[in-house]
Amino acid sequence: MPLTRLLYTSTSCLPEQNGLTVQVNAIAQQAAERNEKCAVTGVLVFIENQFIQVLEGGGPEIEETFERICCDLRHKSVRLIDLVVVKERMFPCWKMQLLSDKHETTLELRDDLETISFLVGVNAKAAVEKIRKCLDAQESTTIRHNLVC
Amino acid sequence: MRVISCVVHDHNLWFVMVAAILCVTGSLVATTLIRRTFLEQGVSKAHWCFLSAFVAGGATWATHFIAMLGYQVPAPVTLDGPLTVSSALIAVGGIGAGLEIASIRRFRFAPIFGGATIGLAIASMHYTGMFAYRADGAVRWDVGYIIASIVLTVILSALAVWRLQNGAEKGRTVQAGLLLALAIVGLHFTGMAAFTVTPMPGFSQGADSEAFATMAAAIGLVTSLIVGTGLSSYFLERKTRSDGETRIAHIAMHDALTDLANRRQFTEALESECAKLKKYGRPFTLLMVDLDRFKPINDTLGHPAGDEVLRRVSRRLLVAVRRGDIVARIGGDEFAIISFGVSDATQAQSIAERIIELVSRPMIVQDSVVEISASVGVAVAPQHGTEPDQLTKHADVALYSAKQSGKHTYRFFEPSLMLAIQRRRTLEASLRRACMRDEFRIVYQPVFNSDGTEICAAEALLRWTCPERGEIAPSEFIPIAEEQGLVSRIGATVLRQTCLDAASWPDHIGLAVNVSPIQLLDPRLPQTVRQALEGAGLSPHRLELEITETALLQNDEAALKVLNQIRETGVRISLDDFGTGYSSLSYLHRFPISRIKIDKSFVQKLPDDAGSASIVKAIAQLGASLNLEITAEGIETSSQLNFIREYGCDHVQGFLTGRPVSNEAFIGLMTRDSVSA
């Protein structure tokens, strides 16, 4: 079955006073639960009020998921950066991993996130690869138990 | 009296009770079914008639039979089998026949006759049943009671059926049912009152009550089964029918593709909202939504994809509006929204913004990315109107204005928009009239050599004074003429007139005439040009047609063909307003262009604006190297003229050197020129 990878960016409309981190965590959590049902995987990057999301899965599932994303009023300026057919997933083990810029984020990660944010506007493929590298770096520093490959 | 004492003393009251219950429920169910029978025709009517007859007949017979089993006679009793069975068949058959009679439509008294037949059937059933009842004793019949019983039941049955057909809507089934029950019970007990048995001496044994009780129970059960089946069939049918009706009602009020409300539901909702507004002062907002760039999707991706886009848009619209608002699809890619209780502009604005935001987000349809946008027109009730037509019109005007201001936006209705549209309508009408009557004037703006001393040509400019609105700028009326399909006609007139005028000028003075992009797409243009030249006897090399880049953008193959044909006749082509559009350099060598006219927006910023200065210089150099003549338009100051002269433009044109004037004045200018020269 052909796989599709989709990359989009958007600007958050989340109210800041309610604790952005909590809200973004909740979104990623909810997405992960939904995605598990339709075998969609990916990463959600949140930096400086911007969402960068990679979705991977079957064509119809991606279409449906993206349509749902486009009906969400918690963000705006949705820009579809890339939609490609791929042979294999770059994020097979992540239901919807969150990479976000919070208070406790290391300086290194923050740099990486900024690089991703820049790359998205320039080269979609490089941005996706950078996200993957960033995730791998995270994995090596923190041992994760809950990931099932 | 005799009847009551017959019930109380001669009958076992338990049996009487069972019979009564069966009778009343049976009658109620029967009338329900009979009523349904009357509504039907053809085969369905026959089915309903059959069911009704069985339920009514069964109930009647069971009532009679159980009550009779409860009749206490001090004598042995036997029952004649065939007669008992035929009594039941008489009841069913007779009632069926009565129903058929009652439902004859053309006959006014049909219900009365039908009802009477039913009454007679009940009576026949009863007395046949009585013949089957053999008591060993002296049996005596009282003819008075017999007649009374028959008359009573016939009248009551007729009343019951008549009531069913003609009574008030509410409760008529129950009333008819009770009348029917009364007919059955009344007949039975009056009939029984007519009947007395005196036991034969020597026999004192009564009826076998235990066997009778069993029989009564069995009959009661079977009858309940019949009545219950009748009732179930009725409810089942009603459920199926109402499901069907609900579905049909849904189809009638909804758009098949998107399942949104359709135009009909929208119109009804709008009318009812307007009525509520007047009654309770409840405000609401009407939003008209039109998709931008939708048609190309159907053309390029196909109709299934277009349909899918419409479905997605519908869902997004439902997300954008508030719960309970009505979203309707009222045309191909047109939607209308009624937003209840929204009265202030801020609320309506946020809905409109959400619509525009959501619709403009990308969509993936059949592996293709589709990006469309929406224009929204908003009318708020009651500020912008209280009548459905007025509100719809005003929201449409606002939508039109949103489309005019570049799409992908929303506009609220304003009275000034109405004025703008009215102005446009008047202009359209006047323009059409002007076209018939040749009400246009042509003025000529002299084109000088770059010294600004010698006239070498004139650009013909069209002027129009609308009888109602006064002088109208070409930038306003030309687009209207283009839209109304008048431009080719106006253009031909202008060509003819200007060629005639120019023929009276000195031979070295050229003529420049503007040609609109629409004219350029008209394959008859070369012929029109030729005819104008021949008609005036003007040499083709003196005529120059000015075109704009937009003409080449739209359909460059067709334009190229037309232009080449014109160029072949010797008429030259110049590119007007150069530098403002795409300024694609490929046009300069692909098309037979011999002159570039630098747009006045650059010239007017000379000589101080460095950017404009460089552009003008560059264009002048480009002209020199491509062997094209250059004209600078819009010269207003002498410093501009000096700059232009320095950078080698061939010709100049502008208010400094000469304003547009009439043909006579232009001829005057030339003679003065030649005199001074």
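Residues numbered from 1 in each chain as written. Chains lettered and ligands numbered in written order. Predicted model: local features only at pLDDT ≥ 70, side-chain atom pairs only at ≥ 80, totals over all residues. Heavy atoms only, no water.

A.B. asks: Can you lay out helix H18 (residues 525–536) of chain B for me, pointing to particular residues and giving the numbers?
C.D. replies: Residues and elements named next belong to chain B. In this model, H18 (12 residues) spans 17 Å end to end at C-alpha, consistent with the 16 Å of a helix rising 1.5 Å per residue. Turning to H18, its buried residues number three or more, namely Leu525, Pro526, Val529, Ala532, Leu533 and Ala536. The buried residues of H18 occupy an angular sector of 130 degrees when projected down its axis, which confines them to one face. Every exposed residue of H18 that faces more than 90 degrees away from the buried side is listed here: Glu534 and Gly535. Along its buried surface, H18 packs onto helix H16 (487–503), helix H17 (517–520), strand E16 (543–547) and helix H20 (556–568). (Helix = DSSP H or I, 4+ residues; strand = E, 2+ residues; numbered from the N terminus. Expected span 1.5 Å × (residues − 1). Buried < 20%, exposed > 50% of the residue type's maximum accessible area, 1.4 Å probe, protein only. Arc of directions from axis to C-beta. Contact = heavy atoms within 4.5 Å.)

A.B. asks: Describe the sheet that holds strand E5 (residues 97–100) of chain A, with residues and values.
C.D. replies: Residues and elements named next belong to chain A. Taken together, the five strands give an open sheet; going across it, the order is E4-E1-E3-E2-E5, and neighbouring strands pair in mixed fashion. Where the open sheet ends on each side, the last strands, each with one partner, are strand E4 (75–86) and E5. Each neighbouring strand pair of the sheet contributes to a mean axis angle of 15 degrees, computed without reference to strand direction. Inspection of the sheet shows strand E1 (residues 3–12) paired to E4 by nine bridges, in the antiparallel sense. In the sheet register, Leu7 faces E4, and the bridge partner there is Asp82. Packing against the sheet, helix H1 (residues 20–37) makes contact with strand E2 (41–47), strand E3 (50–58) and E5, and its axis sits at approximately 165 degrees to E2. (Pairing = 2+ DSSP bridges. Axes fitted to C-alpha atoms, helices over the stretch in contact; angles between N-to-C directions.)

A.B. asks: Any details on the pattern of salt bridges? Residues and values, ideally.
C.D. replies: For the coordinates displayed, the defined rule picks out 42 salt bridges over all chains. Across the pair Glu40(B) and Arg36(B) runs a salt bridge, and its minimum N-O distance is 2.7 Å. On the basis of relative accessibility, which here comes to 18%, the residue Glu40(B) falls in the buried class. Between Asp507(B) and Arg542(B) there is a salt bridge, with its nearest N and O atoms 3.5 Å apart. Residue Asp507(B) is found in the loop between H16 and strand E15 (510–514), and its partner Arg542(B) is found in the loop between H18 and E16; the two are separated by 35 residues along the sequence. Relative accessible area serves as the criterion here: at 7%, Arg542(B) is assigned to the buried category. The network of salt bridges with shared partners includes Glu63(A), Glu67(A), Glu308(B), Arg311(B), Arg312(B) and Arg316(B). (Salt bridge = Lys/Arg side-chain N within 4 Å of Asp/Glu carboxyl O.)

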